[in-house]
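Notes for the structure review
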Amino acid sequence: MEYQNWAENPKFKNIDPKKLTLIEMLSEQAGSKKPEEILPFFLAVNAKANEMGITFNDDETEIILESLKSKMNPSDIKKIDMIRNFTKMMSEKS
């Protein structure tokens, strides 16, 4: 996975330092994963973050996923896109 300076992303201007550290760790560890391991890895990290009381807003999640998609296989990308579209529709109904 390409090096990315997450702290320089304008959407992360006011991000909690704990979140930024977690995102950087996620990106670094994802770089060593096989394409079919990326989606389960992301879901596991996201669940662990939730247990720690860390949640990501839509912009943060979108940036993370776009970065991870570069290493994912096409079927997992479709799954991610379908889940994101579903959650957006559900949040619009609330």
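For the structure itself, consult the block above.
These remarks concern the structure in this document. (Residues numbered from 1 in each chain as written. Predicted model: local features only at pLDDT ≥ 70, side-chain atom pairs only at ≥ 80, totals over all residues. Heavy atoms only, no water.)

Some details on the side chain of Glu60
Which entries qualify depends on this criterion: For the purposes of this entry, the term helix denotes a DSSP run of H or I that reaches at least four residues, the term strand denotes a run of E that reaches at least two, and both are numbered from the N terminus. Burial here depends on accessible area, computed with a 1.4 Å probe over protein chains only, as a share of the maximum for the residue type. Under 20% is buried, over 50% is exposed, and the range in between is partly exposed. Should any heavy atoms of two residues lie within 4.5 Å, those residues are counted as being in contact.
Residue position: Glu60 is located in helix H3 (residues 58–69). Accessibility expressed as a relative area gives 4% for Glu60, which makes it buried. For Glu60, the contacting residues outside a window of four places in its chain are Phe12, Ile15, Lys19 and Thr55.

Regarding the packing of helix H1 (residues 17–30) against H3
Condition: Helix axes use the C-alpha atoms of the stretch in contact, all axes being lines fitted to C-alpha atoms, and the angles between their N-to-C directions lie in the range 0 to 180 degrees. Angle categories: roughly parallel below 35 degrees, roughly antiparallel above 145, roughly perpendicular from 65 to 115, and oblique for all the rest. Each crossing is labelled by how the near helix is turned from the far one, with a counterclockwise turn of less than a right angle marking it left-handed and a clockwise turn marking it right-handed. Three classes are used: nonpolar for Ala, Val, Leu, Ile, Met, Phe, Trp, Tyr, Cys and Pro, charged for Asp, Glu, Lys and Arg, and polar for all others, with Gly counted as polar.
At a closest axis distance of 11 Å, the pairing of H1 and H3 adopts a crossing angle of 15 degrees. On the basis of their axis angle, the class for H1 and H3 is roughly parallel. When the axes of H1 and H3 are compared, the crossing they make is right-handed. Judged by residue contacts, Lys19, Ile23, Leu26 and Ala30 of H1 engage Glu60, Ile64 and Leu68 from H3. Along the lines of polarity and charge, the residues of the contact of H1 with H3 split into five nonpolar, no polar and two charged.

Some remarks on H3
Our working definition: The span expected for a helix works out to 1.5 Å for each residue beyond the first. Under this definition, polar contacts are N or O atom pairs within 3.5 Å; protein pairs additionally need one hydrogen-donor-capable and one acceptor-capable atom, and for neighbouring residues in sequence, both atoms have to be side-chain atoms.
Look at H3: 16 Å from first C-alpha to last across twelve residues, which is about the 16 Å you get at 1.5 Å a residue. All of the buried residues along H3 are Glu60, Thr61, Ile63, Ile64, Leu65, Ser67, Leu68 and Lys69. In this structure, the buried residues of H3 make contact with H1, helix H2 (35–51) and helix H4 (74–93). The backbone nitrogen of Asp59 has a side-chain oxygen 3.0 Å away, supplied by the residue at the start of H3, namely Asn57.

Description of the environment of Lys88
Along the chain, Lys88 turns up in helix H4. Judged by relative accessible area, which is 37%, Lys88 ranks as partly exposed. Sequence separation between Lys88 and Asn9 is 79 residues, and the spatial gap between their C-alpha atoms is 23 Å.

A word on the pattern of salt bridges
Side-chain pairing between opposite charges can occur once the charged atoms of the two side chains come close. Definition in use: Salt bridges, as used here, are contacts in which a Lys or Arg side-chain nitrogen is within 4 Å of a carboxyl oxygen on Asp or Glu.
In the structure shown here, the tally under the stated rule is six salt bridges. Put simply, Asp81 and Lys69 hold a salt bridge, and the shortest N to O gap is 2.4 Å. Of this pair, Asp81 sits in helix H4 while Lys69 sits in helix H3; the two residues are twelve residues apart in sequence, bridging distant segments of the chain. Overall, the relative accessible area of 30% leaves Asp81 in the partly exposed class. With its nearest N and O atoms 3.5 Å apart, the salt bridge here joins Lys79 to Asp76. A residue pair is termed a helical-turn pair when its members lie 3 or 4 positions apart in one helix, as Lys79 and Asp76 do in helix H4 at three residues. The class for Lys79 is partly exposed, based on a relative accessible area of 41%.

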